Amino acid sequence: MGGSTEHLDVRREGATLVLTLNRPEARNALSLPMLVGLHDGWLAADADDTVRSVVLTGAGGSFCAGMDLKALAGKGMDGDERYRDRMTADPDLHWKAMLRHHRPRKPVIAAVEGPCVAGGTEILQGTDIRVAGDTATFGLFEVRRGLFPIGGSTVRLPRQIARTHALEMLLTGRPYTAEEAARIGLVGRVVPAGTALESALEIAERINACGPLAVEAVKASVYETAGMTEEEGLAAELKRGWPIFATADAKEGARAFAEKRPPVYRRE
C-alpha cells in the first residue's frame, strides 16, 4: 500500500483507503509531493484487493485550492528532486493524480470541507460520489486569472451537470456555495460542516458491504456506456454484467440472503 508523503496522508479505515490532502497552510494547494502521493495512492488502491473503496478529503478545513499559483508565477513548487524525477519520468503523472487521465477501479468518494476550487473542483469531477459540508465552496476560477481549466473541466463538467450551469461556472469564475453545488448536481449530499468525512465513510462502509466484483463491474459499466447509444450501452452492460452472475460471490450473496446472515465475499 502506498505510504504518506509530506503533503498527503494515507491511512486505512477498514476496507476503505483514506487519502487526505495535507497542506493546510496553503489550503491544500497542489504540490509535487501531493501529486506524486495521489498518483501512487490511486494505483495502490486498485492493486490491493483488500481495499474496496477510497475516500479523498483535505486537512485543516479545506479540500483543495487548486494549483499553487506561486509556482505558476515562477517562484517554484514545493518538492525535492525525488518528486521532480518522478514527474520527469512520467509527464502525465500530474494528470493521473488529478484523475484526468486515470479512472480508479474502486469507487472514490469525495469528502469536501471549505474551499474546493480551481484544481480542487477539477479533481472533484474525477470522483464518483461527493459529500460536502454546508460551508464548502466550489468554483473554477481559472478564467479570472487569464488561465484555462485544463484539468478536464471543459469536457467533463458539461457531461456531469446541465450545460447552462457548466458554462456559467466555467465562464464567470464565480464561487458557488455547497447548496448551489448540490442544486446543480455537482455534489450529491450536503451535511453539517465538519461531518463530510464521517458521512463519506458511512457511504464507503455501505459500498464495502457489497460484492466487490459487482461494485467494480457496475462502476465500469456506468462510465464505459456513457457515450454510447442506448442499444450499444445495453449490449455493453450485458457483456459486463452477465459474468457476475456466475461468480462464487453471487452464489454467496444469494446463500447469505436465504440464511439471513451477512455475506462473506472473496472476490471469486
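Conventions and cut-offs
- Residues numbered from 1 in each chain as written.
- Predicted model: local features only at pLDDT ≥ 70, side-chain atom pairs only at ≥ 80, totals over all residues.
- Heavy atoms only, no water.
- Phe/Tyr/Trp six-rings, centres within 6.5 Å; stacked < 30°, edge-to-face > 60°.
- Buried < 20%, exposed > 50% of the residue type's maximum accessible area, 1.4 Å probe, protein only.
- Lys NZ or Arg CZ within 6 Å of the ring centre and 35° of its normal.
- Axes fitted to C-alpha atoms, helices over the stretch in contact; angles between N-to-C directions.
- Helix = DSSP H or I, 4+ residues; strand = E, 2+ residues; numbered from the N terminus.
- Contact = heavy atoms within 4.5 Å.
- Pairing = 2+ DSSP bridges.
- Patch = residues over 30% accessible without salt bridge, like charges linked within 9 Å, V, L, I, M, F, W, Y side chains within 5 Å.
- Areas by Shrake-Rupley, 256 points an atom, 1.4 Å probe, with all protein chains shown as cover.
- Salt bridge = Lys/Arg side-chain N within 4 Å of Asp/Glu carboxyl O.

Asker: Looking at this structure, how should I read the packing of aromatic side chains?
Answerer: Applying the stated criterion across every chain yields a total of one aromatic pair. Seen from their ring centres, Trp242 and Phe245 are 5.4 Å apart, and the 35° between their planes marks the pair as tilted. By the burial criterion, Trp242 is exposed, and Phe245 matches it. Above the ring of Phe141, the side-chain terminus of Arg144 is found at 4.6 Å from the ring centroid. Lying over the aromatic face of Tyr176, Arg174 brings its terminal NZ or CZ to 3.8 Å of the ring centre.

Asker: Quick question: what am I supposed to make of the packing of helix H6 (residues 153–160) against helix H7 (residues 163–172) here?
Answerer: Helix packing for two helices is described by the angle between their axes and how far apart those axes are. Between H6 and H7, whose axes approach to 8 Å, the crossing angle comes to 145°. Between H6 and H7, the residues in contact are Ser153, Thr154, Leu157 and Pro158 and Ala166, Met169 and Leu170, respectively.

Asker: Explanation requested: the sheet that holds strand S9 (residues 189–191) in the structure shown.
Answerer: Across a sheet, paired strands are connected by hydrogen bonds in the backbone, their directions being either parallel or antiparallel. In space, the six strands of this open sheet follow the order S1-S2-S3-S4-S6-S9, with mixed pairing throughout. Edge positions in the sheet fall to strand S1 (8–13) and S9, since each has one partner strand and no second. Ignoring strand direction, the axes of neighbouring strands in this sheet form an average angle of 20°. Where strand S4 (residues 108–112) meets strand S6 (residues 129–133), four bridges bridge the pair, whose relative direction is parallel. Within S6, the position partnered with Ala110 by the bridge is Arg130. Sitting on the sheet, helix H1 (residues 32–47) is in contact with S1, strand S2 (16–21), strand S3 (53–58) and S4, with an inclination near 175° to S2.

Asker: Help me understand the sheet that holds strand S5 (residues 115–117) in this model?
Answerer: Taken in spatial order, the three strands make up an open sheet running S5-S7-S8, and their pairing is mixed. The sheet is open, and its two edges are formed by S5 and strand S8 (176–177), each paired on a single side.

Asker: Where do I start with a nonpolar patch on the surface in this structure?
Answerer: The grouping of Leu238, Trp242 and Phe245 at the surface amounts to a nonpolar patch, some 430 Å² of accessible area in total. Along the chain, Phe245 falls in the loop between helix H11 (230–241) and helix H12 (248–259).

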